[in-house]
Amino acid sequence: MGGGALSGWRERTRRVIFEADTPAGRAFDIALLVLIVISVLLVMAESIARVRDDHGTAIVTAEWVITGLFAIEYVLRLLTAEHPRRYARSFFGVIDLLAVVPPMLALAVPGARSLLLVRALRLLRVFRILRMAEWLGEANYLLEAVRASARKIVVFLMTVLLINVIFGSVMYVVEGPEHGFDNMFLGVYWSIVTMSTVGFGDLAPATAVGRVLASALMILGYSVIAVPTGIVSSELTRAGARPGGSGTSARDAGAREPGGDLDTCPHCGGHGAPAQ
């Protein structure tokens, strides 16, 4: 009887925590999102000196209360998940754990409480609450394209870096320390800033030759921005043309998970069936 009661308790708790297709589950997820938003706002408000001086104690107390609630939630997820180890190793499982660690770490490492902003990642659960979980499959579509173009982009970036080294070294020779180019590293820094069209303005060529080189680098910078976009766009087209290349939902991923089933989400260790 005791075992059955425990099993019933776990099942009811699991439905509330891992599923959003019931009033209780939806209310739990909304309350969780509200706590996450409050926690992030508290961390940001604490960075304001005046607010920290006037309400520092209240903010710290509120953060510890929220951390305690998140810790209880994390333990309940481990106890009620269909696959606790899978949940603990999943993206959301790691983020849920990181939402609890910073305040404790701050006891030994000053400033570690700023890492509480990682809790903002938990807001991704809004996709499940709004019944948009299938949209997350599109992220796999984009990720597939980025992975396929990774080598091309790396080769391209190495070429860009080489160009910056060459231009930066030439600018050091042309302009020299008298115009702010004290060493070649500063020249390379100026080259990167110029090619990226950021233009901080802290270094600028003063000679005619230097300005000609700067103009050439600026024009080259526009083409540099376009190349990675073209590479990724091409891979996106190819990914869309392949069978099954349009992304997968959590339900589809669960179906292909070794030993998984249609109701198990591999990303959180709980049930991933979409709400009806």
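Attention in this report is confined to the structure presented alongside it. On a predicted model such as this, the values are computed, not experimentally measured, just so you know.

## Side note on the packing of aromatic side chains
- Under the definition given, this model contains 4 aromatic pairs.
- Between F18 and Y87 the ring centres are 6.0 Å apart and the planes differ by 90 degrees, which places this aromatic pair in the edge-to-face class. Here F18 is found in helix α1 (residues 2-18), whereas its partner Y87 is found in helix α4 (residues 84-89), with 69 residues between them in sequence.
- A residue is classified by how much of its surface remains accessible, and F18, at 2% relative accessible area, is buried.
- Since its relative accessible area comes to 0%, Y87 is described here as buried.

## A closer look at the nonpolar core
- F156, V160, F167, M171, F181, W190, M195, L203, A214, L217 and V224 form the largest nonpolar core, which has 11 residues in total.
- Within the residue set of this core, elements represented by two or more residues are α9 (150-175), α10 (184-195) and α11 (208-241).
- A total of 4 residues in this core trace back to one element, the largest contributor, which is α9.
- Excluding residues within four positions of it along the chain, F167 makes contact with S191, L213 and L217.
- V40, L42, F70 and A99 belong to the second-largest nonpolar core, a separate cluster that totals 10 residues.

## Describing the environment of L35
- Topologically, L35 is positioned in helix α2 (residues 23-46).
- When the C-alpha positions of L35 and I66 are compared, they lie 7.0 Å apart, and in sequence the two are 31 residues distant.
- Apart from the residues lying within four places of it in its own chain, the contact partners of L35 are I66, L69 and F70.

## Concerning a nonpolar patch on the surface
- Residues V37, L41, M44, L117 and L123 make up a contiguous nonpolar surface patch of about 410 Å² in total accessible area.
- Of note, M44 is situated in helix α2.

## Details of unusual backbone geometry
- Positive phi, normally seen in glycine, also occurs at T197, with a value near 60 degrees.
- In this fold, T197 is placed in the loop between α10 and α11.

So, how was this worked out
Residues numbered from 1 in each chain as written. Predicted model: local features only at pLDDT ≥ 70, side-chain atom pairs only at ≥ 80, totals over all residues. Heavy atoms only, no water. Phe/Tyr/Trp six-rings, centres within 6.5 Å; stacked < 30°, edge-to-face > 60°. Helix = DSSP H or I, 4+ residues; strand = E, 2+ residues; numbered from the N terminus. Buried < 20%, exposed > 50% of the residue type's maximum accessible area, 1.4 Å probe, protein only. Core = buried A, V, L, I, M, F, W, Y, C linked by side-chain atoms within 4.5 Å. Contact = heavy atoms within 4.5 Å. Patch = residues over 30% accessible without salt bridge, like charges linked within 9 Å, V, L, I, M, F, W, Y side chains within 5 Å. Areas by Shrake-Rupley, 256 points an atom, 1.4 Å probe, with all protein chains shown as cover. Salt bridge = Lys/Arg side-chain N within 4 Å of Asp/Glu carboxyl O.

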